[in-house]
Amino acid sequence: MALKDIYLKDTYEPVLGLRDTEKAIKLIKDFFELSLSSELRLRRFSAPLFVMKDTGLQDDLNAIERPVSFPILDMGDERAEIVHSLAKWKRYTLGQFGIEEGYGIYTDMNAIRPDEVLDNTHSIYVDQWDWERVITKEDRTIPFLQKIVKKIYGSLKRAEYVVYENYPHIKPMLPEEIHFIHAEELLQKYPDLTPKQREDAIVKEHGAVFLMGIGGELSNGEAHDGRAADYDDWTTEGEKGLKGLNGDILVWHPVLERAYELSSMGIRVDAEALKKQLVIRDQEHKAELMFHKKLLADELPLSIGGGIGQSRLCMFLLRAIHIGEVQASLWPEDMKEACAKHKVRLM
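The residue numbers shown here count from 1 along each chain, following its written sequence. This being a predicted model, a pLDDT of at least 70 is required before a residue's local features are given, and a value of 80 or more before pairs of side-chain atoms are given or counted; all residues contribute to the totals for chains, interfaces and linings. Side-chain measures were taken over the full set of non-hydrogen atoms in the model, leaving aside hydrogen atoms and water.

- Per an unreviewed UniProt entry, the chain goes by the name Aspartate--ammonia ligase and belongs to Aureibacter tunicatorum.
- UniProt positions are given in the numbering used here, feature names are shortened, and annotations may be inferred rather than shown by experiment. The UniProt entry for the chain carries the following comment under Pathway (unreviewed entry): "Amino-acid biosynthesis; L-asparagine biosynthesis; L-asparagine from L-aspartate (ammonia route): step 1/1."
- Taken directly from UniProt, the Subcellular location (unreviewed entry) text for the chain runs: "Cytoplasm".

Structure (structure tokens):
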């Protein structure tokens, strides 16, 4: 971690004291969980902290992050891995429990990502609402994806208002509607900017954006950002000939003064898209893993799903400058010292 990666302000003041911050975190989490489950018709399921190695259930993120792993004595020292997220486990669970079309599950997911670069918004501890819903073949479209995004965005706006009702000095700022744009369209709009600079520019303009088509190669020969090959579908062609049935919900963070990701989500790969994406990522060997075998044999339901950061949502709604203000984790000593000098209280 380099201190140059930390954004601090001499003028920063936390909007709530320690006691009220803890109360507000519970308020936000309790309210949003109920709102999300109602909007998307999701049942709460208990989430695993670890999965068995080499089953295909571990989420590889960008395929370079190392999972925390350990041997299990009473299982012949077979190794388990602390989850990175639950994208594939959720889809497997939908099939195991026979969840019907139009319904789904959500979990309180806790994960450890030891390779995260620690800064204002990243921690080695990840907490999010992981959700997954069964869909039909006809639902695998951009309009359906956008319909689900609007439902989630409605819950975000309601949570923001609940915070305002309890803490009137925290004024709502989310716009009435979320703006939709594809990563290729964003590249054409800002051809001379980096991907993160493009995000900042479009989100500053609109306040809230769903950026679609993340993971696939754009016209400049690069992907906007990385995505694993085996959960989001970033190769199927959608509207206007643009590829990808996934995206990120981004909002403008008024304290960080930049685009801020609250959720990554998408329509999941079907068998055809999985085959294609494994080839692109040079990961055809995964086709022999348990999860991937089931998917390729059409033994798993079609689904849409994603994760919504719990600490990230609290950080945004409470206008915090550092995720450590709303989450207990581990931080480098030089980061703790720098934050303390700027009135940033790390848990």
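1. Some thoughts on the overall build of the chain
For step 1, the next point in the chain: Counting its regular elements, the chain contains 9 helices and 11 strands.
For step 2, the next point in the chain: The globule rule used here is 2.2 Å times the number of residues to the 0.38 power, and the radius of gyration it is set against is calculated over C-alpha atoms. Radius of gyration (C-alpha) of the chain: 20 Å, near the 20 Å computed for a compact globule of 347 residues.
For step 3, the next point in the chain: In terms of overall dimensions, the chain has a C-alpha envelope of 55 × 55 × 40 Å along the principal axes.
For step 4, the next point in the chain: For the chain, buried positions account for 53% of its 347 residues.
For step 5, the next point in the chain: Any two residues whose heavy atoms approach within 4.5 Å are treated as being in contact. Contacts in the chain between residues at least 24 apart in sequence constitute 73% of all its contacts with a sequence separation of at least 6. Helix numbers and strand numbers start at the N terminus; a helix is a DSSP run of H or I with at least 4 residues, a strand a run of E with at least 2. Residue exposure (1.4 Å probe, protein chains only): buried if accessible area is under 20% of the type maximum, exposed if over 50%, otherwise partly exposed.

2. Things to note about the packing of aromatic side chains
Ring pairs (aromatic) are described by centroid distance and by the angle formed between their planes.
For step 1, the next point in the chain: Any Phe, Tyr or Trp ring, taking Trp's six-membered ring, that has another such ring centre within 6.5 Å forms a pair; planes under 30 degrees apart are called stacked, those over 60 apart edge-to-face, and the others tilted. Tallied over the entire structure, the rule returns 6 aromatic pairs.
For step 2, the next point in the chain: Seen from their ring centres, Phe32 and Trp129 are 4.9 Å apart, and the 45 degrees between their planes marks the pair as tilted. Placement of the pair is Phe32 in helix H1 (residues 18-40) and Trp129 in strand E6 (residues 125-134), with a sequence separation of 97 residues. Exposure class is identical for Phe32 and Trp129. Each is buried.
For step 3, the next point in the chain: Seen in terms of ring centroids, Phe50 and Phe70 are 5.4 Å apart; in terms of plane orientation they differ by 90 degrees. Their pairing is edge-to-face.

3. Concerning the pairing of strand E11 (residues 303-309)
For step 1, the next point in the chain: Taking burial as the measure, the 7 residues of E11 include 7 buried ones, the bulk of the element.
For step 2, the next point in the chain: Where burial is concerned, the two faces of E11 agree: the one with Ser303, Gly305, Gly307 and Gly309 and the one with Ile304, Gly306 and Ile308 are both buried.
For step 3, the next point in the chain: At least two DSSP bridges between two strands are needed for those strands to be called paired. Sheet topology places E6 next to E11; 7 bridges connect them, and they run antiparallel. Bridging across to E11, Trp129 finds its partner in Ile308.

4. Remarks on the nonpolar core
For step 1, the next point in the chain: Counting 58 residues, the largest nonpolar core has Trp131, Ile152, Phe210, Met265, Ile304 and Leu318 as the members making the most contacts within it.
For step 2, the next point in the chain: For this core, the element with the highest residue contribution is helix H3 (residues 142-166), accounting for 10 residues.
For step 3, the next point in the chain: In this view, Ile304 contacts Trp131, Glu132, Arg133, Ile135, Phe144, Leu145, Ile148, Met265, Gly266, Ile267 and Arg268; residues no more than four positions away in its chain are not counted.
For step 4, the next point in the chain: Residues grouped as a nonpolar core are buried Ala, Val, Leu, Ile, Met, Phe, Trp, Tyr and Cys residues, joined through side-chain atoms within 4.5 Å. Listed in part, the 22 residues of the second largest apolar core include Leu94, Val126, Ala273 and Leu300.

5. A word on the pairing of strand E10 (residues 258-267)
For step 1, the next point in the chain: The buried fraction of E10 amounts to 7 of the 10 residues, a majority that puts the element mostly inside the structure.
For step 2, the next point in the chain: Examined bridge by bridge, strand E9 (residues 246-253) and E10 share 8 bridges and lie antiparallel to one another. Along E10, the bridge assignment pairs Trp252 with Ala259.
For step 3, the next point in the chain: In textbook terms, the turn of a hairpin is the stretch between consecutive antiparallel strands, and for E9 and E10 this stretch comprises 4 residues, one of which, Glu257, has a positive phi near 60 degrees.
For step 4, the next point in the chain: Sheet topology note: the E10/E11 ladder contains 5 bridges and is antiparallel.

6. What about the UniProt feature "domain: Aminoacyl-transfer RNA synthetases class-II family profile" (unreviewed entry) in the chain?
For step 1, the next point in the chain: UniProt records the feature "domain: Aminoacyl-transfer RNA synthetases class-II family profile" (unreviewed entry) at residues 105-332, using the numbering of this structure.
For step 2, the next point in the chain: As a span, residues 105-332 carries 30% helix and 23% strand, and end to end its C-alpha atoms are 36 Å apart.

7. As for empty space enclosed by the protein
For step 1, the next point in the chain: The distinction between a cavity and a pocket rests on a 1 Å grid over the protein atoms alone: a 1.4 Å probe fits inside a cavity but cannot get out, while a pocket stays open yet meets protein on both sides within 12 Å along at least five of seven lines, and a residue with an atom within 4 Å of a point counts as lining. Grid points are joined across faces, edges and corners, and a volume is the space filled by probe spheres set on the points. Scanning the entire structure with this criterion turns up 1 cavity of 30 Å³ or more.
For step 2, the next point in the chain: Of the volumes computed, that of the largest cavity is approximately 80 Å³.
For step 3, the next point in the chain: Lining the largest cavity are Tyr12, Pro14, Val15, Leu16, Leu18, Thr21, Leu318, Arg319, Ala320, Glu325, Val326 and Arg345.
For step 4, the next point in the chain: By the convention adopted, Pro, Cys, Tyr, Trp, Phe, Met, Ile, Leu, Val and Ala count as nonpolar, Lys, Arg, Asp and Glu as charged, and the other residues, Gly among them, as polar. Classifying every residue of the lining of the largest cavity gives 8 nonpolar, 1 polar and 3 charged.

8. A few points about H1
For step 1, the next point in the chain: The end-to-end C-alpha distance of H1, which contains 23 residues, comes to 33 Å, matching closely the 33 Å that a straight helix rising 1.5 Å per residue would cover.
For step 2, the next point in the chain: Taken together, the buried positions of H1 are occupied by Thr21, Ala24, Ile25, Ile28, Phe32, Glu33, Ser35, Leu36, Ser37 and Leu40.
For step 3, the next point in the chain: For H1, the secondary structure elements touched by its buried residues are strand E1 (42-44), strand E5 (104-112), E6, H3, E11 and helix H8 (310-317).
For step 4, the next point in the chain: One or two steps after H1, the chain reaches Arg41, where phi turns positive at roughly 60 degrees. Helix span, as expected, comes to 1.5 Å for every residue beyond the first.

9. Digging into the environment of Tyr164
For step 1, the next point in the chain: If you trace the backbone, Tyr164 turns up in helix H3.
For step 2, the next point in the chain: Residue classification places Tyr164 among the partly exposed residues on the basis of a relative accessible area of 25%.
For step 3, the next point in the chain: Beyond its immediate sequence surroundings of up to four residues, Tyr164 is in contact with Ile170, Lys171 and Pro172.

10. Some thoughts on unusual backbone geometry
For step 1, the next point in the chain: Of note in the backbone geometry, Arg41 takes a positive phi value of approximately 60 degrees without being a glycine.
For step 2, the next point in the chain: Summarising the element assignment, Arg41 is placed in the loop between H1 and E1.
For step 3, the next point in the chain: Residue classification places Arg41 among the partly exposed residues on the basis of a relative accessible area of 41%.

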